[in-house]
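Summary of structural features
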Amino acid sequence: MTDLVTDVLRQHAEDAFADELAALAARDDRPRPERWRLSPWAVATYLLGGELDDGTVITPKYIGPRRVVEVAVTTLATDRALLLLGVPGTAKTWVSEHLAAAISGDSTLLVQGTAGTPEEAVRYGWNYARLLTDGPTREALVPSPLMRAMADGRIARVEELTRIPADVQDSLITILSEKTLPIPELGTETQAVRGFNVIATANDRDRGVNELSSALRRRFNTVVLPLPGSLEEEVEIVTRRVEQLGRSLQLPELPGGAQEIRRVVTVFRELRAGLTADGRTKVKIPSGTLSTAEAISVVTNGLALAAHFGDGVLRAGDVAAGVIGAVVRDPAADQQIWREYVEGVVRERDGWQDFYRAARENAR
């Protein structure tokens, strides 16, 4: 782990919430799996939030069904790997990072899945200068994040597993089933020590480059992260994340935020569902995902506009352009869907005339 740096743009979870993790560890007297920094109960409390008996407030990192978090944490205490599955914007990466931070104190053992992810990213590579000089030796070997996690008994993370080529995906099978990584060039292997496990994430809407083989899928316990169940829940999620991002970006706290957050979330939820919140009007569904993560981005960008180019109050005009950009992904089809929604729903909604004007102006 590197020394704590307070002025980085985005701190790792174990650094950003170090005080909460330390407070939980100090008060946590429940059984802990070997090499876990916290007990399963404390890990769940860290993610879901709560108040300790000494009055310390643990802020929620995930707002959603408690049972989802409990199943995820329990899985990591067994020999099964964890697959977090869900549509874009359901906090898969966020939950993965915080689970690793709470369990291992290190969320950085990460493999980012892409269509070009090589096998070396999952297994190991070589320092070719030393390889040419000394031949295959331990000193010439470059361990992958998974190999390091196996040796240290920590949690490794694999992001966007279904984007990784099938033959590279299959490199995980031996690691997950046998808990060992053969190194045939050296005639040896790395065996996982207690505390090791893997958290993978996958998007169940955009299937990515390759589906998981049945052999690999059997090595995971799959936990589906749902979309926020209610408007209030999603508003709370967006509000908390916008506040955190605003502090990180050193944006001033602006009045008007609560109203515009509620509007953005309402628009996204109605267009996702194809139905207005009162259940009276059907609307067409655009091609974009309109995820909670996108709502957070729209509001954060609106805050920056209001702070640097506005009057210091977050207004409809500051978020309208971002909403349109999120909705209109396919100019041919989505533009008409957005226009019908604005004229048929937004125009008639009490108290939304400023948003209606801003939507029309930004759509020109």
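Going by the structure above, here's the rest.
Note that this is a predicted model, so its numbers are computed, not measured. (Residues numbered from 1 in each chain as written. Predicted model: local features only at pLDDT ≥ 70, side-chain atom pairs only at ≥ 80, totals over all residues. Heavy atoms only, no water.)

Some points on the overall build of the protein chain
What the protein chain contains, in helices and strands, is 17 helices and 11 strands. C-alpha atoms of the protein chain, sized along the principal axes, occupy 70 × 55 × 40 Å. The buried share among the 364 residues of the protein chain stands at 48%. Within the protein chain, contacts between residues at least 6 apart in sequence are counted, and of these 72% link residues at least 24 apart. As displayed, the protein chain offers around 17,500 Å² of accessible surface, 49% of which is attributable to carbon and sulfur atoms. Separation of charge centres in the protein chain, based on 43 positive and 51 negative side chains, amounts to 4 Å. (Helix = DSSP H or I, 4+ residues; strand = E, 2+ residues; numbered from the N terminus. Buried < 20%, exposed > 50% of the residue type's maximum accessible area, 1.4 Å probe, protein only. Contact = heavy atoms within 4.5 Å. Areas by Shrake-Rupley, 256 points an atom, 1.4 Å probe, with all protein chains shown as cover. Lys, Arg positive; Asp, Glu negative; His and termini not counted. Charge placed at Lys NZ, Arg CZ, Asp CG, Glu CD.)

A word on helix α4 (residues 66-76)
Within the sequence span of α4, burial applies to V68, V69, A72, V73, T75 and L76. Each buried residue of α4 lies within a common arc of 160° when the element is viewed along its axis, so the set occupies one face. Contacts from the buried residues of α4 go to α3 (40-48), β3 (81-86), α5 (92-104), β7 (155-159), β10 (197-203) and β11 (220-224). (Arc of directions from axis to C-beta.)

Quick notes on the packing of α3 against α4
For any two helices packed against each other, one specifies the crossing angle of their axes together with the interaxial distance. Running from N to C, α3 and α4 cross one another at 140°; their axes reach a closest spacing of 10 Å. With respect to each other, α3 and α4 are oriented oblique. Of the two possible hands of crossing, α3 and α4 adopt the one that is right-handed. Contacts between α3 and α4 involve P40, V43, A44, L47 and L48 from the first element and R66, V69 and V73 from the second. (Axes fitted to C-alpha atoms, helices over the stretch in contact; angles between N-to-C directions. Parallel < 35°, antiparallel > 145°, perpendicular 65-115°, else oblique. Left-handed = near helix turned anticlockwise from the far one by under 90°.)

Some remarks on the sheet that holds β11
Pairing between the strands of a sheet comes from backbone hydrogen bonds, and it takes one of two forms, parallel or antiparallel. Ordered by their spatial adjacency, five strands build an open sheet running β4-β7-β10-β3-β11, and the pairing between neighbours is parallel. Strands with a single pairing partner mark the edges of an open sheet, and in this sheet they are β4 (110-112) and β11. Averaged over all neighbouring strand pairs, the angle between strand axes comes to 20°, with direction disregarded. The sheet contact formed by β7 and β10 spans four bridges and is parallel. Looking across to β10, one finds that A156 is bridged to V198. Against the sheet, α4 makes contact with β3, β7, β10 and β11, and its axis sits at roughly 165° relative to β11, the strand it touches most. (Pairing = 2+ DSSP bridges.)

With respect to the environment of L176
Tracing the backbone through its elements, the reader meets L176 in helix α10 (residues 171-178). For L176, a relative accessible area of 6% puts it in the buried group. Sequence-wise, L176 and V198 are 22 residues apart; in three dimensions their C-alpha atoms are separated by 8.0 Å. When neighbours within four sequence positions are excluded, L176 is seen to be in contact with D79, A81, V198, L216, R219 and F220.

Side note on the nonpolar core
Counting 38 residues, the largest nonpolar core has V267, F268, V323, W338 and F355 as its most contacted members. Among the elements of the structure, α12 (231-248), α13 (257-273), α14 (292-309), α15 (316-327), α16 (331-346) and α17 (353-362) are those that each provide at least two residues to this core. Broken down by element, the residue count for this core peaks at seven residues, all from α15. Those residues in contact with V323 that sit more than four places away from it in its chain are V264, V267, F268, V298, W338 and F355. By size, the runner-up hydrophobic cluster in this structure holds 33 residues, among which are A72, L99, I103 and L225. (Core = buried A, V, L, I, M, F, W, Y, C linked by side-chain atoms within 4.5 Å.)

Remarks on unusual backbone geometry
Most peptide bonds take the trans form, and the phi angle of most residues other than glycine is negative. Residues other than glycine seldom take positive phi values, yet R35 does so here, at roughly 70°. One can find R35 in the loop between α2 (18-27) and α3. Here R35 falls in the partly exposed class, since its relative accessible area comes to 41%. Positive phi values are uncommon outside glycine, yet E160 reaches one of about 55°.

A word on the packing of α14 against α15
Contact pair α14 / α15: the axes reach a minimum separation of 8 Å and the direction vectors enclose 145°. The element α14 and its partner α15 pack so that their crossing is right-handed. Residues V298, G302, L305 and A306 of α14 lie in contact with α15, whose contacting residues are D318, V319, G322, V323 and A326. Across the contact of α14 with α15, the residue classes break down as six nonpolar, two polar and one charged. (Nonpolar A, V, L, I, M, F, W, Y, C, P; charged D, E, K, R; others polar.)

A word on the packing of aromatic side chains
For the coordinates displayed, the defined rule picks out four aromatic pairs. Each ring, one from Y124 and one from W126, has its centre 5.9 Å from the other, and the planes form 85°; the classification is edge-to-face. Summarising the burial analysis for this pair, Y124 and W126 share the class buried. Positioned above the aromatic ring of Y46 is the side chain of K61, whose terminal nitrogen or guanidinium carbon lies 4.1 Å from the ring centre. One cation-aromatic arrangement involves R241 over W94; the distance from NZ or CZ to the ring centre is 4.0 Å. (Phe/Tyr/Trp six-rings, centres within 6.5 Å; stacked < 30°, edge-to-face > 60°. Lys NZ or Arg CZ within 6 Å of the ring centre and 35° of its normal.)

Quick look at the pattern of salt bridges
Counted by the stated rule, this structure contains 23 salt bridges. The residue R66 makes a salt bridge to E70 at a minimum N-O spacing of 3.0 Å. Of this pair, R66 and E70 both sit in helix α4, separated by four residues, roughly a single helical turn. What makes R66 partly exposed here is its relative accessible area of 40%. (Salt bridge = Lys/Arg side-chain N within 4 Å of Asp/Glu carboxyl O.)

Functional significance is not addressed by these values, which are geometric in nature.
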